[in-house]
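The residues making up each chain are set out below.
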Amino acid sequence: MGNTLHIKRPSHIGKQFQNVYREDIQAAKSKILNKKRKPSCHCLLCEKTIDEIGGKRIVVQKTLGTFSSKSYLGGGDPDFPELSIKMDDDNFIVLRGKKGMWTDELIAKVKEIYSNQERPWFCHKCAYKTCHICGEIMNNPIGSDVIYDDGCISHVAALGYNPGCVNDSCENYKKWGK
Ligand SMILES: [Zn+2]
Ligand SMILES: [Zn+2]
């Protein structure tokens, strides 16, 4: 960025010797905020809250999701192509999903969420993490990155096990500890 800090001794601290550009401060701020985007309040597709649906908030999986990137990504699997939207000169949002799902309206929503420093997410139902028997949500969205209230993201590994669903009258039901 080419700015010089003019603090040469401790007594200079707090005095306006620094020659820092507003744009640099903004860039630094957004870098910090990028790491801890909070989840937006609704599922991007069905607009329900996590309390209405239950389960976890899925931000990205192999064929669905959004993430920010420093470079333009596109193409890939023709049935699930990636496409990128430009936020500014070196920030893109990459969209993953079934061909044709990213309508202009949906893209506008994603942009708005990212510019509010939030992260869009998908509920289990919209991300197809549902029981093949009863259609209720599965206990755990395996193979997905999920986001928590505080913006922390963790990966739910796909270990080849059946996590079971949450419907206690279904034969696929499994009880999970909290
Ligand atoms: Zn949903
Ligand atoms: Zn079930």
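Figured I'd write up the structure that's included with this text. (Residues numbered from 1 in each chain as written. Chains lettered and ligands numbered in written order. Predicted model: local features only at pLDDT ≥ 70, side-chain atom pairs only at ≥ 80, totals over all residues.)

A closer look at the overall build of the protein
Condition: We count a stretch as a helix when DSSP gives it H or I for four or more residues in a row; a strand needs E for two or more, and each element gets its number in order from the N terminus. Here exposure depends only on C-beta density: within 10 Å of a residue's C-beta, 20 or more other C-beta atoms make it buried, 12 or fewer make it exposed, and intermediate numbers make it partly exposed, the C-beta atoms being placed from the backbone. Placing C-beta atoms from the backbone, we regard two residues as in contact once those atoms come within 7 Å.
Per the secondary structure count, the protein includes three helices and eight strands. The N-to-C order of helical and strand elements in the protein reads α-β-α-β-β-β-β-α-β-β-β. The proportion of buried residues among the 178 residues of the protein is 21%. Expressed as a percentage of contacts within the protein between residues at least 6 apart in sequence, the contacts between residues at least 24 apart total 52%.

Let's talk about the nonpolar core
Note the cut-off: By definition, a nonpolar core groups buried Ala, Val, Leu, Ile, Met, Phe, Trp, Tyr and Cys residues that connect through C-beta atoms lying within 7 Å of each other.
Residues C43, L44, I58, V59, V60, L64, W121, F122, C123, A127, V146 and I147 constitute the largest nonpolar core, which totals 12 residues. Top contributing element to this core by residue count: strand β2 (residues 57–61), with three residues. With near-sequence residues (within four places) excluded, I147 lies in contact with P39, R57, V59, R119, W121 and I153.

A look at the pairing of strand β5 (residues 91–96)
Spelled out, the test is: Should DSSP find at least two bridges between two strands, the strands are taken to pair.
As paired elements, strand β3 (residues 64–69) and β5 share five bridges and run antiparallel to each other. When the sheet's bridge partners are listed, S68 is paired in β5 with I93. As defined by bridge partners, strand β4 (residues 82–88) adjoins β5 across six bridges and the pair is classed as antiparallel. Bridged to L83 within β5 is L95. Here β4 hands over to β5 after two residues, the two strands then running antiparallel side by side.

Looking at the sheet that holds β5
As a reminder of what qualifies: Each axis is a line fitted through C-alpha atoms, taken for helices only over the stretch in contact, and angles between the N-to-C directions span 0 to 180 degrees.
With antiparallel pairing, six strands are arranged side by side in an open sheet as β4-β5-β3-β2-β7-β8. This sheet does not close on itself; its edge strands, each paired only once, are β4 and β8 (153–156). Strand-to-strand twist of the sheet, defined as the mean angle between neighbouring strand axes without regard to direction, takes the value 35°. Sheet analysis places β2 next to β3, joined by two bridges and oriented antiparallel. Along β3, the bridge assignment pairs V60 with G65.

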